[in-house]
2 protein chains.
Amino acid sequence: MLRERIRHRPLLDRVVTADEAAALIKDGMTVGMSGFTRAGEAKAVPLALAERARKDPLKITLMTGASLGNDLDKTLAEAHVLARRMPFQSDPGLRKAINAGEVMFIDQHLSETVEQLRTNQIPPVDIAVVEAVAITEQGGIVPTTSVGNSASFAILADKVIVEINLSQPVTLEGLHDIYIPARRPARMPIPVVTPESRVGLPFIPVPPEKIVAIVVSEKHDSSATILPPDDDTRAIAGNLTDFLLNEVKRGRMGYELQPLQAGIGTIANAVLHGFIDSPFHDLKMYSEVLQDSTFELFDAGKLGFASGSSITLSAKMYRKVLPRLAEYKHHLILRPQEISNHPEVIRRLGLICINTALEFDIYGNVNSTHVGGTHMMNGIGGSGDFARNGYMSIFVTKSIAKNGAISSVVPMVSHVDHTEHDVDVLVTEVGLADLRGLAPRERAQVIIANCVHPDYRDALRDYYVRASQRGGHTPHILEEAFSWHVALRDRGTMRSA
Amino acid sequence: MLRERIRHRPLLDRVVTADEAAALIKDGMTVGMSGFTRAGEAKAVPLALAERARKDPLKITLMTGASLGNDLDKTLAEAHVLARRMPFQSDPGLRKAINAGEVMFIDQHLSETVEQLRTNQIPPVDIAVVEAVAITEQGGIVPTTSVGNSASFAILADKVIVEINLSQPVTLEGLHDIYIPARRPARMPIPVVTPESRVGLPFIPVPPEKIVAIVVSEKHDSSATILPPDDDTRAIAGNLTDFLLNEVKRGRMGYELQPLQAGIGTIANAVLHGFIDSPFHDLKMYSEVLQDSTFELFDAGKLGFASGSSITLSAKMYRKVLPRLAEYKHHLILRPQEISNHPEVIRRLGLICINTALEFDIYGNVNSTHVGGTHMMNGIGGSGDFARNGYMSIFVTKSIAKNGAISSVVPMVSHVDHTEHDVDVLVTEVGLADLRGLAPRERAQVIIANCVHPDYRDALRDYYVRASQRGGHTPHILEEAFSWHVALRDRGTMRSA
């Protein structure tokens, strides 16, 4: 069995326990681990590391692709292993440590981490820990359900630990396309010209002697935590479908649309799910995470191809898709996140980018990350890579939260992740605001009329009218701009702030 | 004389007066005019249009490359010709109309306007007005001192008016490289792989029958309004030079650095000027506007090549460079702003991007555009294209303004153009903050220690300490975050806000 998974024979001698492998990680090291949106993370070594740290404290900088599954970020945070963490996380336990100032979290555009590593602008990765389905005859590492930053971590690190996960099906082999941009000034154009373009290798090429330890695991990926569509997410999907249909009718694109990107989470997944009952067809995705909706669209015959950096599914969909992976494989590619999120490819392909906002303001600035302007939720992830460089940047959210105590549309966002320059379309269950070609004063009127919950519409219009009387390209009353957030903090509701 | 300039003979019949040409522009039209950073704008037709509008009112949407010279934006605004204006301006008169809500200004990333036009996401250009040094035998339009958006305007518009400017030297011919990305899905990689790459035509290819009128003019470009280096800008340049020198010593790059981009204006120009006395050599520029410093670096033997979208010089440098253009020409390219500012090329070449901040905050968010959070200065220009996609994103500013009544470093910027994710290095005359790989709480400490004017340092540290006691990844006291701006507005100073 193991000989099928470790096909470069000399490496069979490197199989060790997770504890032995974790012992290679020393205090103060920078460790680059696989894992992107709870898919394909190294599982045994970080657990062993947390266990060891309880007796023998140590601190590391942990870099990954994006978020980890199996509560690993929680476990590592609770064992006080993490001094620094980048470029993304989504764990409530780790979030608490970040917001307490105990863990230094560097919240980066997901395409940029390995660029900074490659040019030595941030401290180097001492050791990479990468989950794999197999090691090829030549010693190439075949990733599992995500690529993330694994390839560059393994290529740039001095030492590599591989976790062979026997629960990950061997049919994953052949799915990956590992292309790494050359160092400058020798860098050439990235040859990806369609979502289907295969331009690299189906494995991560590393000299086998760099693989210092191999650990065998059997733990499954965590399943996605997305909620099923509800009335509001169905309304959001309906508003967006109507809008895109109108774009087709105006001759701006065909029924195959432009390639789609959708951010992680319940709402973006529900929006894509909504395309099942739309007249769109022969869709393609060029995205970072492929969720349930990707496979629902495949099964509905709506989707022709999907490129991503990871596959993250609900438990039900996981059981359905993994055994049939060979059928889907010809319509799928998993790429390094540097390529799935690369500004060059995003602009070239002309993506329709659908991401989730925590809140947005009357001028279309978007907060994706900070509750109350101060407390980190997950991180900006790839939303900035896509929103800045795509063909059309769409942000979706429900108009209210916490039973209406929070309006998702506010006078001024308490933290800006996406500026008005990068936001073309806003969608809530109430309606849609098409902001293309509009000046701020016009944006405010469209957003207030179309996207705001009726309970908050008058108050927001009142703010805008009073602000605009003071003049300015982007009218505001600075001493009142955050009054809704302050009211929420102090009184538990934004109502009648 | 005119036969040398209009080499496609049948077009000699199309020469008309500026008034006759301006009569082709009708009320409600969208007009795309040449002009980028006060260089190469159409001069005679817009003046004739303003003149006509005083008797016979009309409104248009005016698109350009960037800002116009010869007070054209002022004249057009005063004649109430402008209903809408995009994607950039820098005129005090127009600014006033924008801030009064009389002109709808759409403030865009400079790489994006023609993408939106090409895909019909914004209303089409009805008529293009392009300044040229010549029309070739085949009818190709040879631009003058800027390319900007002229090529796409001319290609996409139904009708083109050409202004042949006899004061622009014929030696400009051969300087331009007109490459226009194909419509999707046929779009291929942009073949620019070095600043020197020539990938297109030396003229704008249009069917000659689209050229409906030719106007002859002789008006010079306006000279740049940049101020000479002063003690503060010299200190900023010194701080940045020391930093880059240290990057070289750490082996991150060679003395030739990475290709440089520098934004328009006094401070960025002074910073580049400062490289004359540095040990750097064989520098290259891949920028949008080439200012005096570009030619000073050429003359000092420091600069090997410069690619831009325009040449904007002081009166003195203008008189010096234009007669010697043939000497410089082999080291210069002018490109469409879509290419000079293209995310694909910016990321590939790995630019060091130096842009000017109006203010920045303790976490490194940058405001480039809005005074007091509400009133537009010029526009974001290309700074977002470069800051998001470059190798290293540097923002420079003086630590105080208005004799110290304003601190350029504030608790929270009153408007965000560049988020902390896109800001690597901040420089004032006080010092430099290297923010790479730092979490927000670390960024605050480095910025407060290194960049803030001593008069404001204690107050800013006090804010940060009190905010951080409340917790959060990015600590703030929302009700106090804009108190410095409010104090400035109400009391005329940020001191002891």
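Residues numbered from 1 in each chain as written. Chains lettered and ligands numbered in written order. Predicted model: local features only at pLDDT ≥ 70, side-chain atom pairs only at ≥ 80, totals over all residues. Heavy atoms only, no water.

Of regular secondary structure, chain A possesses 18 helices and 25 strands. Against the compact-globule benchmark of 23 Å for 497 residues, chain A has a radius of gyration of 23 Å, which places it among compact chains. Looking at chain A as a whole, 66% of its 497 residues are labelled buried. Put simply, 74% of the contacts in chain A that link residues at least 6 apart link residues at least 24 apart. For chain A, the exposed surface amounts to about 15,700 Å²; the carbon and sulfur share of it is 53%. Averaging the coordinates of the 52 positive side-chain charges in chain A and doing the same for the 58 negative ones gives two points 1 Å apart. (Helix = DSSP H or I, 4+ residues; strand = E, 2+ residues; numbered from the N terminus. Rg over C-alpha atoms; globule rule 2.2 N^0.38 Å. Buried < 20%, exposed > 50% of the residue type's maximum accessible area, 1.4 Å probe, protein only. Contact = heavy atoms within 4.5 Å. Areas by Shrake-Rupley, 256 points an atom, 1.4 Å probe, with all protein chains shown as cover. Lys, Arg positive; Asp, Glu negative; His and termini not counted. Charge placed at Lys NZ, Arg CZ, Asp CG, Glu CD.)

At the junction of the two partners, chain B supplies 75 residues and chain A supplies 75 residues. Counting the surface lost from both chain B and chain A, the interface buries some 6,500 Å², and carbon and sulfur atoms represent 51% of this. Among the residues chain B hides against chain A, the three largest losses belong to Arg347(B), Arg388(B) and His421(B). Together they make up 12% of the total. Summed over the shared surface of chain B and chain A, the number is eight salt bridges. For the salt bridge of Glu112(A) with Arg347(B), the shortest nitrogen-to-oxygen distance reads 3.5 Å. At the boundary of chain B with chain A, the tally comes to 45 residue pairs in polar contact (both at pLDDT 80 or more). For the side of chain B that touches chain A, the secondary structure elements donating two or more residues are helix H5 (92-99), strand E4 (104-105), helix H6 (113-118), helix H14 (343-349), strand E19 (375-376), helix H15 (383-389), helix H16 (440-450) and helix H18 (483-491) of chain B. Partitioning the side of chain B that touches chain A into residue classes produces 26 nonpolar, 28 polar and 21 charged. (Buried area = accessible area lost by both parts, 1.4 Å probe. Salt bridge = Lys/Arg side-chain N within 4 Å of Asp/Glu carboxyl O. Polar contact = N/O pair within 3.5 Å; in protein donor to acceptor, adjacent residues only side chain to side chain. Nonpolar A, V, L, I, M, F, W, Y, C, P; charged D, E, K, R; others polar.)

Residue Pro87(A) is bonded to the preceding Met86(A) through a cis peptide linkage, with omega at -5°. Take Pro87(A): it is sitting in the loop between strand E3 (82-86) and helix H5 (92-99). Backbone torsion omega between Arg184(B) and Pro185(B) reads 5°, so that peptide bond is classified as cis. Turning to its location among the elements, Pro185(B) is positioned in the loop between strand E7 (159-165) and strand E8 (211-217). One non-glycine residue with positive phi stands out, namely Asp71(B), at about 55°. You can see Asp71(B) is positioned in the loop between strand E2 (60-63) and helix H4 (72-78). One non-glycine residue, Lys402(B), adopts positive backbone phi at about 50°. Along the chain, the position of Lys402(B) falls in the loop between strand E21 (400-401) and strand E22 (406-407). For Lys402(B), a relative accessible area of 66% gives the class exposed.

This paragraph deals with the relation of the copies chain B and chain A. Rotating chain B by 180° and moving it 0.0 Å along the rotation axis overlays it on chain A with an RMSD of 0.0 Å. Look at the turn and shift together and you get a two-fold axis relating the two. Of every C-alpha in chain B, the one belonging to Glu344(B) sits nearest the axis of rotation, 2.0 Å from it. Here 100% of the contact residues of chain B are again contact residues in chain A; the copies associate through an equivalent surface. (Least-squares fit on C-alpha atoms with pLDDT ≥ 70 in both.)

Take the pattern of salt bridges next. Scanning the entire structure with this criterion turns up 72 salt bridges over all chains. Between Glu196(A) and Lys284(A) there is a salt bridge whose closest N-O contact spans 2.8 Å. Of this pair, Glu196(A) sits in the loop between strand E7 (159-165) and strand E8 (211-217) while Lys284(A) is found in strand E10 (residues 283-286), placing the two residues 88 residues apart along the sequence. With relative accessibility at 28%, the residue Glu196(A) sits in the partly exposed group. The salt bridge involving Arg489(B) is made with Glu479(A); its shortest N-O contact spans 2.7 Å. Placement of the pair is Arg489(B) in helix H18 and Glu479(A) in the loop between helix H17 (454-469) and helix H18 (483-491), with the two residues belonging to separate chains.

Here the focus is the nonpolar core. Counting residues in each nonpolar core, the largest one holds 78 residues, and the members touching the most others are Ile141(B) and Leu257(B). A domain-level breakdown of this core finds at least three residues from each of domain 1 (2-217) and domain 2 (231-491) of chain B. Beyond its immediate stretch of four places on either side in the chain, Leu257(B) contacts Leu244(B), Val248(B), Phe275(B), Phe280(B), Leu283(B) and Ile352(B). Of all hydrophobic cores here, the second largest spans 77 residues; its members include Met63(A), Ile267(A), Phe280(A) and Ala306(A). (Core = buried A, V, L, I, M, F, W, Y, C linked by side-chain atoms within 4.5 Å. Domains from an automatic or database assignment.)

Residues and elements named next belong to chain B. Taken in spatial order, the three strands of this open sheet run E17-E16-E23, and their pairing is mixed. With one partner strand each, in any of the chains shown, strand E17 (366-367) and strand E23 (409-410) form the two edges of the open sheet. Sheet topology places strand E16 (residues 359-361) next to E17; two bridges connect them, and they run antiparallel. By the bridge assignment, Glu359 is partnered in E17 with Asn367. (Pairing = 2+ DSSP bridges.)

Residues and elements named next belong to chain B. One can describe the packing of H16 onto helix H17 (residues 454-469) by two numbers: an axis separation of 10 Å at closest approach and a directional angle of 165°. Relative to H17, the element H16 is oriented roughly antiparallel. As H16 packs across H17, the resulting crossing turns out to be left-handed. In this structure, H16 uses Arg441, Ala444, Gln445, Ile448 and Ala449 to contact H17, whose residues at the interface are Arg457, Leu460, Arg461, Tyr464 and Ser468. Here the contact of H16 with H17 is composed, by residue class, of five nonpolar, two polar and three charged. (Axes fitted to C-alpha atoms, helices over the stretch in contact; angles between N-to-C directions. Parallel < 35°, antiparallel > 145°, perpendicular 65-115°, else oblique. Left-handed = near helix turned anticlockwise from the far one by under 90°.)

Packed helices, taken two at a time, are described by the angle their axes make and the gap between the axes. Residue and element names in this part refer to chain B. As a packed pair, helix H9 (residues 266-274) and helix H10 (residues 292-299) sit with axes 8 Å apart at the nearest point and diverge in direction by 5°. Comparing the axis directions of H9 and H10 gives the class roughly parallel. Between H9 and H10, the residues in contact are Asn269, Leu272 and His273 and Asp292, Ser293, Glu296 and Leu297, respectively. For the contact of H9 with H10, a count of residues per class yields two nonpolar, three polar and two charged.

Further remarks concern the UniProt feature "domain: Acetyl-CoA hydrolase/transferase C-terminal" (unreviewed entry) in chain A. Here, UniProt's "domain: Acetyl-CoA hydrolase/transferase C-terminal" (unreviewed entry) annotation points to residues 327-463 of chain A. Segment residues 327-463 of chain A splits into 30% helix and 25% strand. End C-alpha atoms: 55 Å apart. (UniProt positions renumbered as here; feature names shortened; annotations may be inferred.)

The description of an aromatic ring pair uses the distance of the two centres, along with the angle that the planes make with each other. All names here are of chain A. In total, this model carries 12 aromatic pairs over all chains according to the counting rule given. With a centroid separation of 5.6 Å and 75° between ring planes, the pair formed by Phe275 and Phe280 is classed as edge-to-face. With respect to class, Phe275 is no different from Phe280; both count as buried. A connected cluster of aromatic rings, assembled from ring pairs, spans Phe295, Phe298 and Tyr328. (Phe/Tyr/Trp six-rings, centres within 6.5 Å; stacked < 30°, edge-to-face > 60°.)

Residues and elements named next belong to chain A. With four of five residues buried, strand E15 (residues 352-356) lies mostly within the body of the structure. Sheet topology note: the strand E9 (residues 260-262)/E15 ladder contains three bridges and is parallel. Residue pairing for E15: Ala262 is matched across the bridge by Ile354.

What follows concerns the pairing of strand E12 (residues 303-308) of chain A. Residue and element names in this part refer to chain A. For E12, the tally of buried residues reaches five of six residues, placing the bulk of the element in the interior. Strand direction decides the pairing type here: E10 and E12, joined by four bridges, are parallel. For Tyr286, the partnering residue across the bridge sits in E12 and is Ser307. Across three bridges, the pairing between E12 and strand E14 (residues 332-334) is parallel. Within E14, the position partnered with Ala306 by the bridge is Leu332.

On to H5(A). All of the buried residues in H5(A) are Leu94(A), Arg95(A), Ala97(A), Ile98(A) and Asn99(A). On its buried side, H5(A) packs onto helix H4 (72-78), E3, strand E4 (104-105) and strand E19 (375-376) of chain A together with H16 of chain B. Capping the start of H5(A), Asp91(A) holds a side-chain oxygen 2.8 Å from the backbone nitrogen of Gly93(A), two or three residues further along. Positive phi appears at Gly101(A), one or two residues downstream of H5(A), with a value of about 80°.

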